[in-house]
Each structure stands twice: as C-alpha cells, then as structure tokens.
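# Overview (structure and organization)
The primary structure of each chain is shown beneath.
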Amino acid sequence: MQIRRMFVFAVAVIVVTGIIGCGGSSPVAAKIAGDSFTLKDFETVYAKNNGGTAAAKKTSLSDKEKFLDLYINFQLKVKEARALGYDKDPEIKNELSEYRKNLAVSYMLENELTAPALKNLYDRRVKEIRASHILLRLPEDASPEDTLTMYKFAQKLIDSLKNGASFEKLAEVHSQDPSVKFNKGDLYYFTSGMLVPEFEDAAFSLKAGEVYPVPVRTQFGYHIIKVTDIRKNQGAVHVAHIMKRFSHGQPPEDSIKAYNEMKEILDSLKKGGDFALLAKEHSDDAFSGNRGGDLNFIDRGRTVREFDDVIFNMRDSSISDIVKTQFGFHIIKRFTARGIPPYSDLEPQLKTEYQRTRFQHDYNAMVEKVKQQYAFKQNQETASALFASVDTTKMTGDVNWDSTITKSVRAKIIFTFDNQTITVDSVIALVNQNPELRNLSLKDPATIAKILDKTGSNLVMEHYAQSLEGKQPDFTRTMKEYEEGILLFKAEQEHVWNKVVPGDSLLRAFYALHHSEYKWPDRINVQEIFVTSDSLAKLVQRDLKGYSRDSLVLKKTKSRAKKPAYDTVKITIAPISFDSAAAKYNQRGSTLDNRGIWGLIPVSTNEVTNKAWARKENDSLTHAPIEGGFHFMKELERDPAREKTYEEAASEVSSQFQEYETKRISSEWIEALKKKYPVEVHKEILKEAYLQ
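Residues numbered from 1 in each chain as written. Predicted model: local features only at pLDDT ≥ 70, side-chain atom pairs only at ≥ 80, totals over all residues. Heavy atoms only, no water.

## Some points on the packing of aromatic side chains
What counts, and what does not: Between rings of Phe, Tyr and Trp, where Trp is taken as its six-membered ring, a pair exists when centres lie within 6.5 Å; planes separated by under 30 degrees are stacked, by over 60 edge-to-face, and by other angles tilted. Counting from the N terminus, the helices are DSSP H or I runs at least four residues long and the strands are E runs at least two residues long. Partly exposed residues are those whose accessible area sits between 20% and 50% of the maximum for their type, while under 20% is buried and over 50% is exposed, using a 1.4 Å probe and protein chains only.
Counting across every chain of the model gives 22 aromatic pairs. A centroid spacing of 4.3 Å and a plane angle of 20° characterise the contact between F37 and Y71, whose relative ring orientation is stacked. With a gap of 34 residues between them, F37 in strand β2 (residues 35-38) and Y71 in helix α4 (residues 61-83) connect regions that are remote in the sequence. Per residue, the accessibility class of F37 equals that of Y71, and both read buried. On the numbers, 6.4 Å between centres and 75° between planes, the contact of F190 with F204 is edge-to-face.

As structure tokens, then:
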C-alpha cells in the first residue's frame with residue numbers, strides 16, 4: 001500500500017487530470033477516444049507541472065510535445081483501467097473512501113478554519129494595542145461554585161469601573177498578576193499572536209478607552225480588560241544610540257557627570273556633528289559603539305520600556321533628547337521603520353505562528369459549533385456501560401484490549417448527530433485505527449472520556465467536511481487525480497509489472513547479448529598501516545624489519561661476591577608480519593576493524609589506491625608521507641579492467657533486464673491501446689501555447 005501511495009503521488013506530480021473537454025472554443029491539441037484535449041487544457045496542465053505559467057513559457061516546443069505524449073499515454077491507461085472495472089475493485093474503493101474522508105477534512109480545515117484565521121491574524125497584525133488588565137487567578141479545574149463566585153466578583157469590579165472607579169487603583173488592590181506592583185496592570189503594546197487567544201480576541205474587539213463588558217476566562221483565571229491605545233504597527237525600527245553608563249547606588253556626582261557629558265554630545269549633534277563618529281568616540285556601549293552606535297532593527301517590547309517608548313514615538317531620521325534607563329543615559333537616532341510586509345510575504349510565518357498559538361483553540365471552538373449545528377449527543381448511559389466493561393489491567397494498544405466488552409455493549413448507540421447513529425463497536429474500530437488513542441491505560445478513569453471525546457469530535461468533523469465537498473472545486477480535481485493515479489497503478493501492475501519475470505535463463509540470455517556493457521575498472525586490494533607521526537612510522541619499520549638490542553645477563557661465578565655481576569649480550573628480535581603490525585599500529589579509522597585492508601576496490605577510489613597501483617615493486621617496508629601522516633602499503637591483489645562474469649554482474653543484469661522488459665511491454669501495450677481507443681494529435685497547435 002505504501003508503494004502504491006508513492007506511485008500515485010508521483011503520478012499527481014506528472015499530470016493533472018479531469019480537465020479534458022473543459023477548454024471551450026480553444027483549439028484541440030488532441031482527441032483521446034473522442035474526448036477533446038484543448039490548447040487551453042494543455043496550458044493549464046503543463047503550467048502546473050512546470051512551476052507555473054512563467055516557467056512553462058520558457059520551455060521548448062520539444063518539451064511540450066513530449067509532455068503531450070505522456071499525457072495521452074496516461075489517459076489511455078486510465079480509460080483501459082475503467083473499462084476493465086478496476087474502479088469497482090473493493091480494495092481500491094475502500095482506499096478511495098478513506099482518502100476522500102481525509103482529504104475532505106484537510107480541505108475543510110484549510111478553507112473553513114486556517115485561511116480565514118490567517119487573514120484575521122494579518123488584519124490584526126497591522127495594528128498594535130496597549131491594554132491593562134486585572135487578573136483574578138482561578139485553576140482550570142476549579143469547581144463550578146468557585147468559578148461562579150470569582151465570575152461574580154470580577155463582574156462587580158467591572159461595574160465599579162463603569163461607575164468611574166480608577167482602573168489602576170483597582171488593579172493595585174485586586175490583581176493577582178505579580179507585575180502589577182510596578183505596572184499597575186499595564187501590559188504595554190502587543191499585536192496578534194502574542195497573547196492567549198481568549199485575551200487577544202477580547203482586546204481586539206474594543207476601542208481605545210473601552211473596558212470589556214464581561215470577565216474573560218483564560219487558563220490563568222478571569223481577566224478584566226481595558227484597551228488604552230490603538231495605533232498602526234510600525235514593525236521593527238532601525239536605531240542607533242550613544243550611551244553613558246551609570247548604575248543605581250553610585251554617588252550623585254557620577255550621574256551628574258554622565259548627564260553633562262551627554263548634554264555636550266547632544267549639543268554637538270545639534271550643531272551638525274556626525275552621530276556615528278561621536279558614538280565611536282564617546283559611547284560606553286563598546287559593541288554598538290564600534291559600529292557607529294548601530295543597534296540594527298528592534299521589535300516592539302524587545303528592550304526596556306523607557307527606551308522602547310521613545311524609539312516607537314520618534315520620527316524617521318530624527319534624534320532624541322537624553323533618555324534615562326536602568327543602564328544609563330542614551331541619545332537615540334532612529335533611521336526607519338520596517339513596516340508590516342504584504343500578506344503574501346508574511347503568510348508562511350503567520351501559518352507557523354497560528355499552528356503554534358491558536359489552531360487548537362480555534363479547532364476546539366469549531367468542533368463545538370458543529371456539534372451544536374448537528375445536535376450532537378453522547379449517550380451517558382452507554383458511556384458508563386463501556387467504562388464498566390473494559391479490562392482496567394490492559395492498554396488500548398494491547399491486541400485484545402476490548403475482549404471483555406460484550407456484544408450487547410458493542411451494539412449500544414454512543415453518539416447521535418444529523419440523523420447518524422454511532423455504536424460502541426464503531427468507536428472500538430476507530431480506536432484501533434487511531435495512533436493517538438493507542439497505548440492508553442484503561443486503569444485511568446479519564447481514558448474512556450478521552451476516547452469518546454476524540455472519536456466523537458473526529459466523526460462530526462468528518463461528516464461536516466464531507467458536506468462541503470461540492471463547494472470546493474479543487475477538492476473534486478484533487479480527488480480525481482488520486483483516483484486516476486490508483487487506477488493507473490493497478491493497470492500498470494496487471495499489464496506490465498506482473499509480466500516482467502526475470503528468470504535465470506532469460507537473464508543469462510540477456511547477459512550474453514549485453515556482456516560487453518558490464519565491466520570492472522582497474523581494481524586493487526591494499527593492506528595499509530597509517531600512522532600520524534614520523535616517530536611511530538620508525539617504530540613500525542623497526543618491527544617489520546626486526547632488530548637487535550643489548551641485554552644484561554647475570555654472570556655465573558663460584559665465589560660468593562657481595563654484588564652480582566652482569567654480562568652484556570646482543571638479543572635479536574625477529575620481524576613481525578605486516579598483518580600483525582597493521583593490527584598493532586594502524587590509525588586510519590575507516591580500516592581499523594579490517595586491520596588496514598581496503599578490499600578490492602577501483603584504483604580511482606583514493607590516493608592510497610592510486611599510489612599502490614602506480615608502484616612498480618611491492619615494497620611493504622618503506623613508509624611515505626600521505627594525508628598529514630605516514631603509511632606503509634602491501635599489495636594483496638591486483639585485478640586489471642575486464643568484463644564481469646554473469647555471477648558478478650547478476651544484480652545489474654536483473655535491473656537492466658527488468659527496465660528493458662518494462663519499456664518493451666509498456667510500449668506494446670500503448671500501441672494496442674491506441675488501436676482500441678483512437679487518438680488524434682495536433683502537435684502543431686502547441687506552437688501557439690501561452691501566446692495570448
């Protein structure tokens with residue numbers, strides 16, 4: 001099945017189907033069994049398969065003619081597949097049904113959820129909002145009683161605001177956001193995608209100065225939200241600065257000295273001084289000072305608020321007064337604002353942000369809306385019966401996890417929606433098919449609830465998606481592409497691939513005809529000892545040649561001397577084999593496990609094999625420099641270029657035979673199909689492609 005899917009995908013890339021006869025009054029490029037394939041049809045198909053119209057226009061007439069031939073052959077094979085009833089094959093029908101269901105959901109999510117959400121995200125992105133809030137913390141699993149109590153209290157605070165109470169004072173007294181101590185509830189500026197969805201939706205629905213009329217529930221608790229400013233989003237701004245450091249706790253005279261120095265710099269700038277030069281000479285920020293004070297582009301909220309507030313309120317090409325932050329005094333130059341790019345440029349980034357921050361929230365909301373639309377109901381009595389009948393010692397990934405669920409429970413209806421009824425048995429089948437629901441512990445009371453929630457949501461969304469099929473023209477085309485791809489796979493399998501049988505006698509006969517095509521290049525097998533230093537190379541050479549050394553031997557005497565006496569004698573150490581030396585000394589990582597043996601490989605493989613082939617004598621006792629080290633080589637086998645035997649070429653012969661036979665059988669099949677389904681081709685029409 002996986003091979004079939006890969007083949008179908010490849011077919012979908014090569015051709016776009018289902019458009020024959022849709023070209024209106026356009027000239028006919030080909031007729032296939034009476035069906036017209038117009039020049040307009042060709043332009044549509046060809047452009048999609050060649051990177052768009054602009055790229056398609058640049059291709060040669062020969063390329064267009066070859067593509068037309070491929071398309072005609074494709075359609076002939078599909079027609080034959082339908083004529084043979086492959087489209088009624090139960091396996092193919094089941095696969096198409098599963099694909100249709102998945103494709104429908106994919107199109108539904110893209111067109112009904114993601115596309116509108118991205119547009120909304122962008123429409124909000126061009127603005128930035130400043131808002132304040134009062135947070136009343138509440139656990140996500142709070143009891144209904146605690147939730148209602150907190151909601152009523154939050155609403156009471158909103159009523160106080162309507163009656164003129166100060167938002168800042170209420171925030172200082174009641175907000176449970178730790179930052180309220182220094183910001184009095186002010187969250188500063190933000191744009192779309194920066195806060196949790198519920199908060200963002202409420203804030204963007206307000207005008208400046210308005211308070212959201214009801215408490216807003218998020219994962220953190222209840223929020224009372226007030227929007228204090230709405231402005232155009234400038235995007236990141238390009239700025240530079242000159243800074244004089246001072247820190248809190250320093251003597252006042254140090255702060256005054258730094259300020260006076262900045263005043264002198266500001267005066268110089270007002271008289272036309274060069275900002276970049278003054279930054280290099282005077283700024284205490286060495287990193288930016290070396291670049292003329294340049295801080296590059298800074299996004300909103302990426303620096304301390306005092307600095308941020310100034311740079312986003314300056315005009316382009318202007319210089320600020322002296323600005324004080326926790327780091328010291330600054331003089332800022334603003335160059336330009338980047339602005340918000342067009343939607344088409346920002347779409348990929350927005351899609352990534354959306355999937356990360358909002359998709360699940362919006363999807364859950366959509367599920368609830370569709371459930372209401374279809375009057376979705378879950379039978380709690382059936383759910384309880386299912387929970388009571390499962391084996392709590394098992395996992396949903398176990399082969400027989402559902403063996404204790406009786407027939408009567410399996411037959412019970414668990415879901416109803418839009419005149420559909422779903423039984424427990426259907427849910428069990430869906431659990432076995434869904435990787436997300438495998439390996440869940442049935443001991444956990446939440447497992448059955450999770451299974452029912454997931455399968456119920458999936459079923460209702462699949463049903464909704466299928467109701468939208470007629471509203472999605474692209475869906476129909478894509479579905480037809482996939483269907484014809486599967487039919488082509490089946491037809492190719494039956495009429496070509498299954499007929500290619502590479503028996504031994506046929507392969508030997510094929511080899512006999514093509515034996516000169518299978519050749520070995522010059523090959524050599526070398527055993528090498530590679531070391532990284534000259535001193536190691538000398539040790540290897542010593543061990544390979546053998547050597548003598550002095551040794552002390554105790555003298556034999558009759559007298560009892562107080563100290564033993566020794567004679568010096570020469571001891572000869574025999575040479576060790578090249579194989580032993582390689583096992584002991586070789587340091588080349590790629591041949592360590594093979595004792596330095598490269599194996600019989602082409603001479604052109606590397607410097608080692610090239611050098612070994614070029615040597616006139618098989619000198620294994622002399623080392624030579626190579627690759628930053630030294631090596632010894634011993635030639636083990638030399639095989640000059642020659643034809644391969646049948647046994648040596650077997651895999652190549654089999655591959656080429658199958659390729660040859662596939663082309664031959666396919667060509668004969670195509671010719672037979674052209675006789676069965678008349679084809680009329682007008683390639684001269686292709687000269688007019690993309691001229692209008």
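## Considerations on the environment of T59
The cut-off we apply is this: For the purposes of these results, a polar contact is taken to be a pair of N or O atoms within 3.5 Å, where, inside protein, one atom must be able to donate a hydrogen and its partner to accept one; residues adjacent in sequence count only when each atom of the pair is a side-chain atom.
Topologically, T59 is positioned in the loop between α3 (53-57) and α4. Looking at T59, its side chain comes within polar contact range of the main-chain oxygen of A56, at 2.7 Å.

## Focus: a nonpolar patch on the surface
Let me state the cut-off plainly: Exposure above 30% relative accessible area and the lack of any salt bridge qualify a residue for a patch; like charges then connect within 9 Å, and the nonpolar side chains Val, Leu, Ile, Met, Phe, Trp and Tyr within 5 Å. For the accessible areas, the method is Shrake-Rupley and the probe is 1.4 Å, while residue cover comes only from the protein chains on display. The rule for a salt bridge is simple: a side-chain nitrogen of Lys or Arg has to be within 4 Å of a carboxyl oxygen of Asp or Glu.
Together, L552, L554 and Y566 make up an exposed nonpolar region whose accessible area comes to about 340 Å². Looking at the secondary structure, you find L554 in strand β16 (residues 547-554).

## With respect to the nonpolar core
To be explicit about the condition: The set of buried Ala, Val, Leu, Ile, Met, Phe, Trp, Tyr and Cys residues whose side-chain atoms join them within 4.5 Å is what this entry labels a nonpolar core.
M108, I414, F415, V427, L452 and M461 are the most contacted members of the largest nonpolar core, which totals 82 residues. Considering every element that reaches this core, the biggest residue donor is helix α5 (residues 90-125), with twelve residues.

## Remarks on the packing of α5 against helix α19 (residues 446-467)
Here is the rule: Every axis corresponds to a line fitted to the C-alpha atoms, with the helix fit spanning only the stretch in contact, and the corresponding angles, defined between N-to-C directions, vary from 0 to 180 degrees. Throughout this description, any angle smaller than 35 degrees is read as roughly parallel, any larger than 145 degrees as roughly antiparallel, any in the 65 to 115 degree range as roughly perpendicular, and the remainder as oblique. Contacts: residue pairs with any heavy atoms within 4.5 Å of one another.
The contact between α5 and α19 brings their axes to 8 Å, and the two run at 80°. In this view, α5 runs roughly perpendicular relative to α19, as classed from their interaxial angle. Here K101, A104, V105, M108 and E112 of α5 come into contact with α19, specifically with M461, E462, Y464, A465 and Q466.

## Quick look at the environment of S320
Along the chain, S320 turns up in strand β9 (residues 318-325). Overall, S320 belongs to the buried group, its relative accessible area being 7%. Taking the C-alpha atoms as reference points, S320 and D453, 133 residues apart in sequence, are found 58 Å from one another. Setting aside residues no more than four positions away along its own chain, S320 makes contact with L266, V310, M314, I331 and I332.

Bear in mind that shape data such as this cannot, by itself, settle questions of function.
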